[in-house]
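The primary structure of each chain is shown beneath.
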Amino acid sequence: MPYLIPTRTPLTPEQVERGFDYLLALQMGSGAAVAGRAEADPELAFVLLRLAEDIIWPVTAVDGEAADLCADSFVLDEVGCVLLSALRDWARDSATTAVPGIARSIIRFVENVIPDPDDHGDTRATLDAMRGEHLALAHAVHSAPGAPRCGGARTGAAGARSEPLST
């Protein structure tokens, strides 16, 4: 259901770095490694939510041109929509507490759904590969002529986005 993913400017390279730094620190060192980051960076919930959308949506969305569509294809699409909707609601309602939850959801999704590019079963390697892909896209988009020079959507004092997280 593409209406759940609004058209938006891709994350900046700095946002990608911050998001993946948090994911990797949490994945490698548990909660103590990231303590206080959500409070210090009110935009972090937005950044992680955007990364979740960019990681989960391509894996779960139904490709309308696929020849082998079946009922399970649409179930997976709905599961992706429900997961992203729940993460959006969480980020909207409590950005600070949502940060570790969104990050853990991304890590768990990567561990259980996305194959390791080198078949080592190492989530860190998969996250590192994703970081590289997301950084390349962010650099390409934000260095193109006429590209937006802002840092993307900003958060308010309470960590809420200035526009709705879903339409």
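Residues numbered from 1 in each chain as written. Predicted model: local features only at pLDDT ≥ 70, side-chain atom pairs only at ≥ 80, totals over all residues. Heavy atoms only, no water.

Engineer: So what about the pattern of salt bridges? Which residues, and what values?
Structural biologist: The final tally for this structure, using the stated rule, is 8 salt bridges. A salt bridge links Asp21 to Arg131, with the shortest nitrogen-to-oxygen separation between them at 2.1 Å. On the criterion of sequence distance, the pair formed by Asp21 in helix 1 (residues 13-29) and Arg131 in helix 6 (residues 123-143) is long-range, its members being 110 residues apart. On the accessibility criterion, Asp21 (36% relative accessible area) is partly exposed. Because the salt bridges share partners, they merge into one network encompassing Glu17, Asp21 and Arg131. (Salt bridge = Lys/Arg side-chain N within 4 Å of Asp/Glu carboxyl O. Helix = DSSP H or I, 4+ residues; strand = E, 2+ residues; numbered from the N terminus. Buried < 20%, exposed > 50% of the residue type's maximum accessible area, 1.4 Å probe, protein only.)

Engineer: Can you lay out the side chain of His142 for me, pointing to particular residues and giving the numbers?
Structural biologist: By the element assignment, His142 lies in helix 6. A distance of 3.1 Å separates a polar side-chain atom of His142 from the backbone oxygen of Leu11. (Polar contact = N/O pair within 3.5 Å; in protein donor to acceptor, adjacent residues only side chain to side chain.)

Engineer: Give a description of a nonpolar patch on the surface that names residues and reports values.
Structural biologist: A surface patch of nonpolar side chains, about 250 Å² in accessible area, is lined by Val75, Leu76 and Val79. The topology assignment puts Val79 in helix 4 (residues 71-93). Take Val79: its relative accessible area is 48%, and that puts it in the partly exposed class. (Patch = residues over 30% accessible without salt bridge, like charges linked within 9 Å, V, L, I, M, F, W, Y side chains within 5 Å. Areas by Shrake-Rupley, 256 points an atom, 1.4 Å probe, with all protein chains shown as cover.)

Engineer: Talk me through the packing of helix 3 (residues 44-60) against helix 5 (residues 95-113); I want residue IDs and the actual numbers.
Structural biologist: At a minimum axis distance of 9 Å, the contact between helix 3 and helix 5 shows a crossing angle of 25°. Here helix 5 runs roughly parallel to helix 3, going by the angle between their axes. Here helix 3 runs over helix 5; the crossing is left-handed. Taking contact as the criterion, the partners of Leu44, Ala45, Leu48, Leu49, Leu51, Ala52, Ile55, Ile56, Val59 and Thr60 in helix 3 are, on helix 5, Ala95, Val99, Ile102, Ala103, Ile106, Phe109, Val110 and Val113. (Axes fitted to C-alpha atoms, helices over the stretch in contact; angles between N-to-C directions. Parallel < 35°, antiparallel > 145°, perpendicular 65-115°, else oblique. Left-handed = near helix turned anticlockwise from the far one by under 90°. Contact = heavy atoms within 4.5 Å.)

Engineer: Describe the nonpolar core, and please don't skip the residues or the numbers.
Structural biologist: With 39 residues, the main nonpolar core has Leu23, Leu48 and Ile102 as its most contacted residues. Going through the elements one at a time, helix 1, helix 3, helix 4, helix 5 and helix 6 are the ones with two or more residues in this core. If one sorts the elements of this core by residue count, helix 3 sits on top with 11 residues. With near-sequence residues (within four places) excluded, Ile102 lies in contact with Ala45, Leu48, Leu49, Ala52, Leu87, Trp90 and Ala91. (Core = buried A, V, L, I, M, F, W, Y, C linked by side-chain atoms within 4.5 Å.)

Engineer: Tell me about helix 3, and please be specific about residues and values.
Structural biologist: Over its 17 residues, helix 3 extends 24 Å from the first C-alpha to the last, a length consistent with the 24 Å expected when each residue adds 1.5 Å. Most of helix 3 sits inside the fold, with 14 of its 17 residues counted as buried. (Expected span 1.5 Å × (residues − 1).)

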